[in-house]
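Remarks on the overall topology
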Amino acid sequence: DFGVGNLLMDFAELSIYDSALPAAKIAELFLSGNYSQNLAPPFDRAEWLGIKALAIGKNKPGDAMKNWCSLASDDSSDIIHRLLAATKCNDAPLLSKLLENPQTPAFLKMKYNVKGFAKHACRLGGTQNNELPQKRVYVSSSGLDSGDGSDFAPFASLERARAEVHRLRDNGFKGRIAVILASGTYLCTKPLNLDASDSNVVYAAKPGNAPVILQGGIRSNWSDFKKVADMSTLARIPEEARGKVFVADVHLGDYKLPPQGSYGVGESPRSVLLLSANDTALLNSARWPNQGFLTSTNRINAEANTIGIETNRAARWKSAGSLMAHGYWMYTWADAALPISIQGTNGNWSLKLSKPHTYGIGKTPHFFVFNLLEELDEPGEWFFDSATSRLYLIPPEGTPPDYVTLTALAEPFITISGANNVEFRGLSFRNARGDAVRVRQSQNAVFSGCDFRCIGGTALDATGCPGLIVRDSSFRNLGHDGIIADAGNRRTLESGNIQIHNNKFSKVGQSAHT
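The paragraphs below set out a description of the structure included in this document. (Residues numbered from 1 in each chain as written. Predicted model: local features only at pLDDT ≥ 70, side-chain atom pairs only at ≥ 80, totals over all residues. Heavy atoms only, no water.)

1. Thoughts on the nonpolar core
Counting residues in each nonpolar core, the largest one holds 45 residues, and the members touching the most others are V179, Y203, F413, F424, F429 and F447. Sorting elements by how many residues they give to this core places helix α8 (residues 158-170) first, with 4 residues. I307, A336, W349 and L372 belong to the second largest nonpolar core, which has 21 residues in total. (Core = buried A, V, L, I, M, F, W, Y, C linked by side-chain atoms within 4.5 Å. Buried < 20%, exposed > 50% of the residue type's maximum accessible area, 1.4 Å probe, protein only. Helix = DSSP H or I, 4+ residues; strand = E, 2+ residues; numbered from the N terminus.)

Here you go:
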């Protein structure tokens, strides 16, 4: 592709090669056809010739066509830009010749339907998982870490299974190993960190009907909830909702859940408090307005991260702890949720960001406030008070859920760094506050038949992972991304051999939208 959006940047880059002229003069000569220097490397020069053709195409289509044909016939230019240029000038014989060139990347041969490179050739359909290795270690939620890891005396934790894998390696076993998990729920309070010593291991669900669930959240049954009766608490709840709000104590041992922090564009880490009903539907954090946004004219002081708000409801927000605002602060393609405080008096309220947004505040930001008991007023809304570890909820309309689960685990269930040929089959990753799985610099990682649901961060983040395969898996109710996958070399178009096939995605980016 030839992008025009960074045209001035391209000419500035060209001025690096031609130090005698400034970027503006190069642009003027280049677009007029009077710049004949060939100082840039072939790849850059070909890209700029394409940009020139695009730039002059509207007013000088004949000159643009000559430019395309010249680029397509230029043997010194790279094969990729020549192919694209040959398409622009409709030179079918040259296009066929270029597609036969061994330097032409496979994806372009697929694009142009070259025989043997049909689009279905990259699919994994019809293929089956390899047989599980015969050397096996067993884990069960009802097992004991003091067991021997056999099918009859399974371990209780993945950490103990990993230690057993290391023992087998230390004793000289070099083949592939399977860690088999029995159906059940495994509460995860810290990540399983895999490194190079954990290569060539398959983590697989034991065949059966019940799922293998890695649980990163805190589950509360509906029977745990009681109607709010405390008068001081009721005074904070909107009058129309009093009598409809229920509360439950939420604990994970001695661990105290921190309040919601910032997330979205420019924020790190990806971490969101989510509440799911029956592990299927996400409920809404208490907010105002309940739909849409507040739109404010930034008339106070953008540098101080303060903007005016025209609503007297702000009087009720002033004493709320852990107050958040989610907005498009500068651009409509960059949303972020940030902690805020309310300042001022009646008729003169302002909202102050507790930390600056990465792009600052524009003239007319639009946002909503959330994470406050003072706006808990609709069925299906909730608020978690991190100071008291209490969860407040107005149940959805109809029958209350059997249970709700609050995301808790801030770190990934599993991190993989430098481990090759690690595979996960049939596992369900649920209710993590942060990312579910994070993979770095690892080859041939495979995720097959897995289920990622109710994840506050990104379900699967795999960077620098050639040979990654993600297949037959589901991704639903995610705060951020479904999959981040990266491998290969974009500059040289060296393939990363990533294959993502036959997966289902629904309700992705429910918290961070851009």
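2. Some words on the packing of aromatic side chains
Taken as a whole and judged by the stated rule, the model has 17 aromatic pairs. Arranged with centres 5.3 Å apart and planes meeting at 70 degrees, the rings of W333 and Y359 form a pair that is edge-to-face. In this pair, W333 is assigned in the loop between β17 (324-328) and β18 (336-345) and Y359 in the loop between β19 (348-353) and β20 (366-370), connecting sequence segments 26 residues apart. Three or more aromatic residues joined by ring pairs form one cluster here, namely F413, F429, F452, F475 and F505. The ring centre of F173 lies 5.1 Å from the NZ or CZ of K135, which sits over that ring. Sitting over the face of the ring of Y403, R219 holds its NZ or CZ atom 3.7 Å from the ring centroid. (Phe/Tyr/Trp six-rings, centres within 6.5 Å; stacked < 30°, edge-to-face > 60°. Lys NZ or Arg CZ within 6 Å of the ring centre and 35° of its normal.)

3. A look at the pairing of strand β32 (residues 474-478)
Most of β32 sits inside the fold, with 4 of its 5 residues counted as buried. The pairing of strand β29 (residues 451-455) with β32 spans 4 bridges and is parallel. Looking at the pairing, F452 lines up with F475 of β32. Relative to strand β35 (residues 504-506), β32 is paired through 3 bridges, and the arrangement is parallel. Residue pairing across strands places S474 opposite K504, the latter belonging to β35. (Pairing = 2+ DSSP bridges.)

4. Describing the environment of K504
Note that K504 resides in strand β35. With 33 residues separating them in the primary sequence, K504 and R471 have C-alpha atoms 9.4 Å apart. Apart from the residues lying within four places of it in its own chain, the contact partners of K504 are S473, S474 and F475. (Contact = heavy atoms within 4.5 Å.)

5. A few points about helix α6 (residues 92-99)
By the burial criterion, the buried members of α6 are L94, L95, L98 and L99. Taken down its axis, α6 places every buried residue within 135 degrees of arc, on the same side. Looking at α6, the residues exposed on the side facing more than 90 degrees away from the buried face are P93 and K97. Where α6 is buried, its residues touch α4 (61-72), α5 (79-88) and α7 (106-111). Sitting at the head of α6, D91 places a side-chain oxygen 3.1 Å from the backbone nitrogen of L94. (Arc of directions from axis to C-beta. Polar contact = N/O pair within 3.5 Å; in protein donor to acceptor, adjacent residues only side chain to side chain.)

6. Considerations on the sheet that holds strand β21 (residues 381-385)
Strand pairing in a sheet relies on backbone hydrogen bonds, with the paired strands running either antiparallel or parallel. Reading across from one edge, β8-β9-β22-β21-β13 is the order of the 5 strands in this open sheet, with mixed pairing throughout. This sheet does not close on itself; its edge strands, each paired only once, are β8 (226-227) and β13 (284-285). As paired elements, β13 and β21 share 2 bridges and run parallel to each other. Paired with N284 across the two strands is E381, which belongs to β21.

7. Here we look at a nonpolar patch on the surface
Together, M330, Y331, W333 and Y359 line one region of the surface with nonpolar side chains, adding up to about 410 Å² of accessible area. Here Y331 shows up in the loop between β17 and β18. (Patch = residues over 30% accessible without salt bridge, like charges linked within 9 Å, V, L, I, M, F, W, Y side chains within 5 Å. Areas by Shrake-Rupley, 256 points an atom, 1.4 Å probe, with all protein chains shown as cover. Salt bridge = Lys/Arg side-chain N within 4 Å of Asp/Glu carboxyl O.)

8. Quick look at the sheet that holds strand β27 (residues 437-440)
Read across the sheet, 5 strands follow the order β4-β24-β27-β30-β33 without closing on themselves; strand pairing throughout is parallel. Each having just a single partner strand, β4 (192-194) and β33 (483-486) make up the two edges of the open sheet. Neighbouring strand axes in the sheet, compared pairwise and without regard to direction, differ in orientation by 5 degrees on average. In the sheet, strand β30 (residues 460-463) pairs with β33 via 4 bridges, with the strands oriented parallel. The residue of β33 that forms the bridge with A462 is A485. (Axes fitted to C-alpha atoms, helices over the stretch in contact; angles between N-to-C directions.)

9. Quick look at α4
One turn of the α-helix equals 3.6 residues, which is why residues spaced by three or four share an orientation. Its 12 residues place the ends of α4 16 Å apart at the C-alpha level, agreeing with the 16 Å of an ideal helix rising 1.5 Å per residue. Of the residues making up α4, those classed as buried are A64, N67, W68, L71 and A72. Down the axis, α4 shows its buried residues gathered within 130 degrees of arc, on one side only. (Expected span 1.5 Å × (residues − 1).)

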